[in-house]
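Analysis of the macromolecular model
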Amino acid sequence: MYMITRKDFLKKSSMIAVGGLLIPSFLRADNSTPKIFGNKEFKPLVSGKPLVIATWDNRKATEAAMNKMKSAGTDLQSGTSLDAVEAGARVPEADPEDHSVGYGGYPDRDGFVTLDACIMDEKGNAGSVTFLQNIMHPVSVARKVMEKTPHVMLSGDGAYQFAIEQGFKKENLLTEKSRLAWEDWKKKNNYIPVGEKNHDTIGILAIDERNNISGACTTSGWAFKMHGRVGDSPILGAGMYVDNEVGGACATGTGEFVMKTLGSFLCVELMRNGRTPQEAVEEAIHRIVKRYDYKDIQVGYLAINKKGEHGAYSIKPGFVYALNQNGENRKLDAESFVK
Ligand code: ASP
């Protein structure tokens, strides 16, 4: 339970000095926002490291990630949080039953499965791919972009060519099930992308034994989107962001609104300025709901800080997440703005 009330927080934040600096007004709580930090009964700030957290019920992914960290040797090279988030993200990428990520992902409205992903390590290195086709593990291609090129983001054919050069295999990612779902969508919809219900993008964050934070995000994006559409997931600061001094955050849901508010970067900056992870994710959601019509959209955020505390919040009920911490791998319900 929070030890701090909204009133206390605002009082504190108006005088607050973090590292001797006043919090800039644009990062302060907005008094006009309804229900800000109204979620006082939310779970305690559990802390404990190592930890892995992921959007949706991705417990298999958080387990794979935790196993990776447990296998850490003394070489300081293995079992890092970076290895962990990559291993975790690869789980739904290879799962044909996950229709929002990788293999088996729903195609765009023209029938192409196009993938977006990014990854970021504790040193602030980052890699990203967008609009990548026929490669099952975009998160691993993103890591190669980070490690083997002077760039951060590769897109489309260029990303594909690079993946092939790096030894990735060309694969057909459109399963029969997803193809049939697309055929069905075509019959019912007039070639118009509509806010789809399925948002199972994985955003994953980890802190390892060495207290280093990394993150990744991977998706096939908005089902039956326009050809060429890229969402928030591969955009550093939108779909995911890490700053090893502070913490990390990741997003799922209607990426257009995450991009317009640069939600993951916002969460990290809010934590840098003294907010708990829960306060940060709530504020990031409030930035969306006070500015945009949120009737037909869903966005969910996760955030962690250096202490191993986490926050989870969404616009609407139904956002669940996986947390692997203190020897338990749990599925948890996030609180939401709309009750
Ligand atoms: N955020 C993803 C996107 O907009 C979709 C999702 O989370 O399901 O591409």
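Each remark here, short or long, concerns the structure printed above.
About the cut-offs
- Residues numbered from 1 in each chain as written.
- Predicted model: local features only at pLDDT ≥ 70, side-chain atom pairs only at ≥ 80, totals over all residues.
- Heavy atoms only, no water.
- Helix = DSSP H or I, 4+ residues; strand = E, 2+ residues; numbered from the N terminus.
- Expected span 1.5 Å × (residues − 1).
- Buried < 20%, exposed > 50% of the residue type's maximum accessible area, 1.4 Å probe, protein only.
- Near = heavy atom within 4 Å.
- Polar contact = N/O pair within 3.5 Å; in protein donor to acceptor, adjacent residues only side chain to side chain.
- Areas by Shrake-Rupley, 256 points an atom, 1.4 Å probe, with all protein chains shown as cover.
- Nonpolar A, V, L, I, M, F, W, Y, C, P; charged D, E, K, R; others polar.
- Disulfide = S-S within 2.5 Å.

1. A look at helix H3 (residues 81–93)
For H3, spanning 13 residues, the distance from its first C-alpha to its last is 18 Å, which sits close to the expected 18 Å at 1.5 Å a residue. Taken together, the buried positions of H3 are occupied by Ser-81, Leu-82, Asp-83, Ala-84, Val-85, Glu-86, Ala-87, Gly-88, Ala-89, Pro-92 and Glu-93.

2. Structural notes on the site of the ligand
Around the ligand lies a shell of 12 residues, among which Thr-201, Arg-229, Asp-232, Thr-252 and Gly-253 are the nearest. Residue Thr-201 places a side-chain N or O atom 2.8 Å away from an oxygen atom belonging to the ligand. Note that an oxygen atom of the ligand is positioned 2.8 Å from one of the side-chain N or O atoms of Thr-252. About the coverage of the ligand: the protein hides 100% of its 270 Å² of free accessible area. For the shell around the ligand, the class distribution of residues is one nonpolar, eight polar and three charged.

3. Comments concerning the environment of Lys-68
Position of Lys-68 relative to the elements: it lies in helix H2 (residues 59–70). The class for Lys-68 is partly exposed, based on a relative accessible area of 37%. A sequence separation of 10 residues divides Lys-68 from Ser-78, and the C-alpha atoms of the two residues are 8.3 Å apart.

4. Overview of the environment of Thr-252
Topologically, Thr-252 is positioned in strand S10 (residues 247–253). Of note is the side chain of Thr-252, whose polar atom sits 2.8 Å from the side chain of Trp-56.

5. Looking at the state of the cysteines
Taken as a whole and judged by the stated rule, the model has zero disulfides. The cysteine Cys-217 is free of any disulfide, with Cys-118 supplying the nearest cysteine sulfur at 5.5 Å. Among the residues examined, Cys-217 registers a relative accessible area of 0% and is labelled buried. Free cysteine: Cys-267, not disulfide-bonded; nearest cysteine sulfur from Cys-250 at 9.1 Å.

These figures capture arrangement, not role.
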